[in-house]
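Chains, contacts and geometry: an overview
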Amino acid sequence: MAVLKVKFTKTKRDKLAQILWILNWISVVSGIILFSLGLFLKIEIKKRNEVMAKGDINSVPNMLISVGVIACIINFLGGKICYDCSDANKFSRWKLVMLPYIVCTLCFTFCILVGALMCYAMRNELEESLYLGLRDAIRYYKDTDIPGRCFLKRTVDLLQIGFQCCGNNGFRDWFEVQWVSARYLNMASKDVVDRLKSNVDGKFLVDGVPFSCCNPSSPRPCIQYQLTNNSAHYNYDFLTEELNIWVKGCREALLDYYTAIMRSIGIAALLIWLFELSVLIGVRYLQTAMKNVLLLGDLEGESDGWLLENSFVETAKHNINIIKNFGKVNQISTVSGMINPNTDVSNTNCGKNDVTKKSIPAAS
């Protein structure tokens, strides 16, 4: 029994073909939107790849870009097919193409759904990439005279100013690394020498943060050194939340920023997926209705259209059998070394004993 069978007159078939032609052109625009969203996300990630560890975070934008390009091609072809389906004579040349086209479009719409879900599943990978990238960026912050790292100080400063954040997890991350370059240290100062000797690795560690951590909207001048020493500053308590530096970590700030972008892209991709799925259902109805009208032979008469010719269970069993038998079409029926049972069948003449035997003429 057919699933969701609908009866179509010639007028309904023509209107369905015209509507699907328009919707396919709209789908081309949706493909351009997917491509643009993927490109936008790729550019946003590339802007801050200096503070991200290398990983698979580009898989989502690359997939959106690929799906967008494929959407434009498939929907352009679908528009041509639907336009020709308004004429039964023109449909005959697309009759063998439409079913493979529908299967390919179904796989393509599934890819859109996967891309939309990947936008939400990308958060964990992005968080790990940001954690490792920011950790290394803070560690190499002082290396302004080393090729390949000299840009990290500027990158981190602009990041902390732009996103109003400080450190990786928070401002205390700066206490654990030497972020002041050795060439700016006064080695004649006893305090500097004692601090270097007090550290096992010989690092100059201070309870301070770079200037980019300062909050410019704070009513008092920025306190970026001796943050944990209350006696070093007037009316100051570092345990309070009224510090005049950014308290939020840059990993959290960047993660919130990219999560908002990916959430918006995921919603847009889901809406496009629903739209593409509705167009695919319409194309399936058009394909079955036009196929049945050709079988009936009456191009002006009514015909049935459906999503599945048989029930879901029967269709699933049929497809499973096709998969099981795939590749067995040309398999040899006998195994080498086994006796063919047909060779031992006795010869019968069916009651005709005198059969004239024709001899093969000898070669001259």
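Per chain, the residues get numbers from 1 upward, laid out in the order the sequence is written. Local features in this predicted model are restricted to residues whose pLDDT is 70 or higher, and side-chain atom pairs enter the listing and the counts only when it is 80 or higher, whereas totals over whole chains, interfaces and linings include all residues. Only hydrogens and water are set aside when side-chain values are computed; all heavy atoms of the structure are taken into account.

So, on to the UniProt feature "transmembrane region" (unreviewed entry) in the protein. Under the UniProt annotation, the feature "transmembrane region" (unreviewed entry) is placed at residues 20-40, 60-78, 98-121 and 265-286. Note on conventions: DSSP H or I runs of at least 4 residues are helices, E runs of at least 2 residues are strands, and numbering of each starts at the N terminus. The span residues 20-40 shows a helical share of 100% and a strand share of 0%, and its end C-alpha atoms are spaced 30 Å apart. UniProt positions are given in the numbering used here, feature names are shortened, and annotations may be inferred rather than shown by experiment.

Let us look at unusual backbone geometry. Positive phi, close to 50°, is recorded for Gln-164, a residue that is not glycine. If you check the backbone angles, Asn-235 has positive phi at about 55° while not being a glycine. When you line up the elements, Asn-235 lands in the loop between helix 7 (190-198) and helix 8 (250-296). Only protein chains enter the accessibility calculation, which uses a 1.4 Å probe; a residue is then buried when its area is under 20% of its type maximum, exposed when over 50%, and partly exposed in between. On the basis of relative accessibility, which here comes to 64%, the residue Asn-235 falls in the exposed class.

As a rule, the C-alpha atoms of each element are fitted with a line to give its axis, helices using only the stretch in contact, and angles between N-to-C directions run from 0 to 180 degrees. Running from N to C, helix 4 (residues 95-121) and helix 8 point in directions that differ by 165°, and their axes come no closer than 9 Å. Viewed along their axes, helix 4 and helix 8 adopt a mutual orientation that is roughly antiparallel. The hand of the helix 4/helix 8 crossing is left-handed. Put simply, Ala, Val, Leu, Ile, Met, Phe, Trp, Tyr, Cys and Pro go in the nonpolar bin, Asp, Glu, Lys and Arg in the charged bin, and everything else, Gly too, in the polar bin. A breakdown of the residues in the contact of helix 4 with helix 8 according to their chemical character gives 22 nonpolar, four polar and four charged. Here the word oblique covers every angle except those under 35 degrees (roughly parallel), over 145 (roughly antiparallel) and from 65 to 115 (roughly perpendicular). Crossings are classed by handedness, with left-handed meaning an anticlockwise turn of the near helix from the far one by less than a right angle and right-handed meaning a clockwise turn.

Tracing the backbone shows Gln-287 in helix 8. The exposure class of Gln-287 is buried, given its relative accessible area of 5%. Any two residues whose heavy atoms approach within 4.5 Å are treated as being in contact. Among residues more than four places away in sequence, those in contact with Gln-287 are Phe-91, Met-98 and Ile-102.

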